Amino acid sequence: MSDSKNLTPFPLKLDRPLIFFDLETTGLDHHYDRVIEIGAFKIYPDGRQECLIRRVNPGMRIPAEVTQLTGITNEQAATAPTFAQILPEIAAFFDNCDLAGFHVGRFDARVLAEEFKRAGSDFKLDGRLIVDAQVIFHQRERRDLAAALKHYCDKILEGAHSAEADSRASYEILVAQLGRYPDLPRSMTELHQLCRGNQERFVDSEGKFFWRDGEAVFNFGKFKSQGLKAIAKSHPEYLQWVIAPERNFSQEVIDICYKAMKGEFPARPKI
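Since the model is a prediction, treat every value here as computed from it, not as a measurement.

**Quick word on the packing of helix α3 (residues 83–94) against helix α4 (residues 104–118)**
Logical step 1: The geometry of α3 relative to α4 is characterised by a closest axis approach of 10 Å and an angle of 125° between their N-to-C directions. Between α3 and α4, the interaxial angle falls into the category oblique. Handedness of the crossing formed by α3 with α4: left-handed. Across from Phe-83, Leu-87, Ile-90, Ala-91 and Phe-94 in α3, the residues of α4 making contact are Leu-112, Glu-115 and Phe-116.
Logical step 2: Its residues placed into classes, the contact of α3 with α4 shows seven nonpolar, no polar and one charged.

**So, the confidence of the model for the chain**
Logical step 1: Per-residue confidence for the chain gives a mean pLDDT of 90, with 96% of residues at or over 70.
Logical step 2: Mean pLDDT in the chain bottoms out at helix α8 (residues 188–196), which sits at 77, and peaks at α3, which reaches 97.

**A word on the pattern of salt bridges**
Logical step 1: By the definition in use, this model includes 16 salt bridges.
Logical step 2: A salt bridge links Lys-229 to Glu-215, with the shortest nitrogen-to-oxygen separation between them at 3.9 Å. Placement of the pair is Lys-229 in helix α9 (residues 228–234) and Glu-215 in strand β7 (residues 215–218), with a sequence separation of 14 residues.
Logical step 3: Looking at Lys-229, the relative accessible area reads 41%, which means it is partly exposed.

**With respect to the packing of helix α6 (residues 145–153) against helix α7 (residues 163–180)**
Pairs of packed helices are described in terms of their axes, by the angle between the two and the distance that separates them.
Logical step 1: Relative orientation of the contacting elements α6 and α7 amounts to 40°, with a least axis distance of 9 Å. Here α6 lies oblique to α7, going by the angle between them. Every pair of crossing elements has a handedness; the one defined by α6 and α7 is left-handed. Across from Leu-145, Ala-148, Leu-149, His-151, Tyr-152 and Cys-153 in α6, the residues of α7 making contact are Asp-166, Ala-169, Ser-170, Glu-172, Ile-173, Ala-176, Gln-177 and Arg-180.

**A closer look at the pairing of strand β3 (residues 49–55)**
Moving residue by residue along a regular strand, the side chains alternate between the two faces of the sheet.
Logical step 1: Bridge count between strand β2 (residues 35–43) and β3: seven bridges; the pairing is antiparallel. Looking at β3, one finds that Lys-42 is bridged to Glu-50.
Logical step 2: Connecting β2 to the antiparallel partner β3 that follows it, the hairpin turn spans five residues, and Gly-47 within it adopts a positive phi of roughly 95°.

**Observations concerning the pairing of β7**
Logical step 1: Where strand β6 (residues 209–212) meets β7, four bridges bridge the pair, whose relative direction is antiparallel. By the bridge assignment, Phe-210 is partnered in β7 with Val-217.
Logical step 2: Where β6 folds back onto β7 in an antiparallel hairpin, the turn is made up of two residues, including Asp-213, whose phi is positive at roughly 55°.

**Some words on helix α11 (residues 251–261)**
Logical step 1: For α11, the set of buried residues is Val-253, Ile-254, Ile-256, Cys-257 and Ala-260. The buried residues of α11 all sit within an arc of 160° when viewed along its axis, so they share a single face.
Logical step 2: Residues of α11 that are buried in the fold lie against β6, α9 and α10 (236–243).
Logical step 3: Where α11 ends, the next residue or the one after it, Gly-263, has phi of about 85°, a positive value.

**Here's the deal with the environment of Phe-137**
Logical step 1: Mapped onto the elements, Phe-137 comes out in helix α5 (residues 133–140).
Logical step 2: In this view, Phe-137 contacts Phe-102 and Arg-143; residues no more than four positions away in its chain are not counted.

**Comments concerning the sheet that holds strand β1 (residues 18–25)**
Logical step 1: One open sheet accounts for five strands, arranged β3-β2-β1-β4-β5; its pairing is mixed. Only two strands of the sheet have a single partner each, and these edge strands are β3 and β5 (130–132). Taken over all neighbouring pairs, the strand axes of this sheet differ in orientation by 20° on average, direction set aside.

**Observations regarding the packing of aromatic side chains**
Logical step 1: The final tally for this structure, using the stated rule, is 17 aromatic pairs.
Logical step 2: Relative to Phe-20, the ring of Phe-10 has its centre 5.9 Å away and its plane inclined at 80°; by these criteria the two rings are edge-to-face. Highlighted residues: Phe-10 in the segment before β1 and Phe-20 in strand β1, separated in sequence by 10 residues.
Logical step 3: Overall, Phe-10 belongs to the partly exposed group, its relative accessible area being 32%.

**Quick look at the environment of Ile-38**
Logical step 1: Structurally, Ile-38 is set in strand β2.
Logical step 2: For Ile-38 and Ile-90, which are 52 residues apart along the polypeptide, the C-alpha to C-alpha distance reads 9.5 Å.
Logical step 3: Beyond its immediate chain neighbours, meaning those up to four positions away, Ile-38 contacts Asp-22, Leu-23, Leu-52, Ile-53, Arg-54, Ile-90, Phe-94 and Leu-112.

**Details of the nonpolar core**
Logical step 1: Grouped together as the largest cluster of nonpolar side chains are 24 residues, with contacts concentrated most on Ile-19, Phe-21, Ile-90, Phe-94 and Leu-112.
Logical step 2: Broken down by secondary-structure element, the contributors of at least two residues to this core are β1, β2, α3 and α4.
Logical step 3: Element by element, the count of residues in this core is highest for α4, at seven residues.
Logical step 4: When neighbours within four sequence positions are excluded, Phe-21 is seen to be in contact with Gly-39, Ala-40, Phe-94, Leu-99, Ala-100, Gly-101, Val-104, Asp-108, Ala-109 and Leu-112.
Logical step 5: Core analysis: the next-biggest nonpolar cluster, separate from the first, contains 20 residues, Trp-211, Ala-216, Phe-218 and Ile-231 among them.

Rules and cut-offs
Residues numbered from 1 in each chain as written. Predicted model: local features only at pLDDT ≥ 70, side-chain atom pairs only at ≥ 80, totals over all residues. Heavy atoms only, no water. Axes fitted to C-alpha atoms, helices over the stretch in contact; angles between N-to-C directions. Helix = DSSP H or I, 4+ residues; strand = E, 2+ residues; numbered from the N terminus. Parallel < 35°, antiparallel > 145°, perpendicular 65-115°, else oblique. Left-handed = near helix turned anticlockwise from the far one by under 90°. Contact = heavy atoms within 4.5 Å. Nonpolar A, V, L, I, M, F, W, Y, C, P; charged D, E, K, R; others polar. pLDDT = per-residue confidence, 0-100. Salt bridge = Lys/Arg side-chain N within 4 Å of Asp/Glu carboxyl O. Buried < 20%, exposed > 50% of the residue type's maximum accessible area, 1.4 Å probe, protein only. Pairing = 2+ DSSP bridges. Arc of directions from axis to C-beta. Phe/Tyr/Trp six-rings, centres within 6.5 Å; stacked < 30°, edge-to-face > 60°. Core = buried A, V, L, I, M, F, W, Y, C linked by side-chain atoms within 4.5 Å.

Listed below in structure tokens is the structure:
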């Protein structure tokens, strides 16, 4: 634990310490996935600042996709303490503090509460004030078509929500983006990969399955975060349930489950 680097003075009066924190995790399921790194700094009402950074052994394999994103390998995590081992330190640091961060309320705080529970303790969110900078960002900075046309082209979108006006606006926006950002790819294939962004982690277009170490994993239902191949072997009746017409899953999801029942599983395309 150490003093944090000098930051812009905090403009709000605090009644108790406020902790800004971020978690790196093995995935995006706050129930199933585990913390592999925690970074937090605390601002006291008197202006003092304190920093806490810890690498954590998650007790489970870190998927290759996460290692590529975070740079944290299974070998590095194996030498770190488990969350249960550093629980007293984490609990003391977060005691009687409010919380802040980016996407913190919808993910990081929930993951932390689950880790405390697994370690036999309780991280109460009730009674804590939580400020999420992402929520404020999305509320105050519009990200619709009209806002993009104004931002990139300094034009007002006339006839919004008509197909012709919207399609022409999107054309002008992309042209302006290519002119403004010289580092953007100049091929359709590379732009396609860039625009897929986080979608690259999903097997299907709806995100019902995601990739973990190159294998498809459920992202819904009672087997969420479990591998398709394992469920096809241990609970084939669940796949039968998914493909039943009354379930109204997309044809893409139905095809994935139907093929899995026959022993055929998705293979992650090479990028």
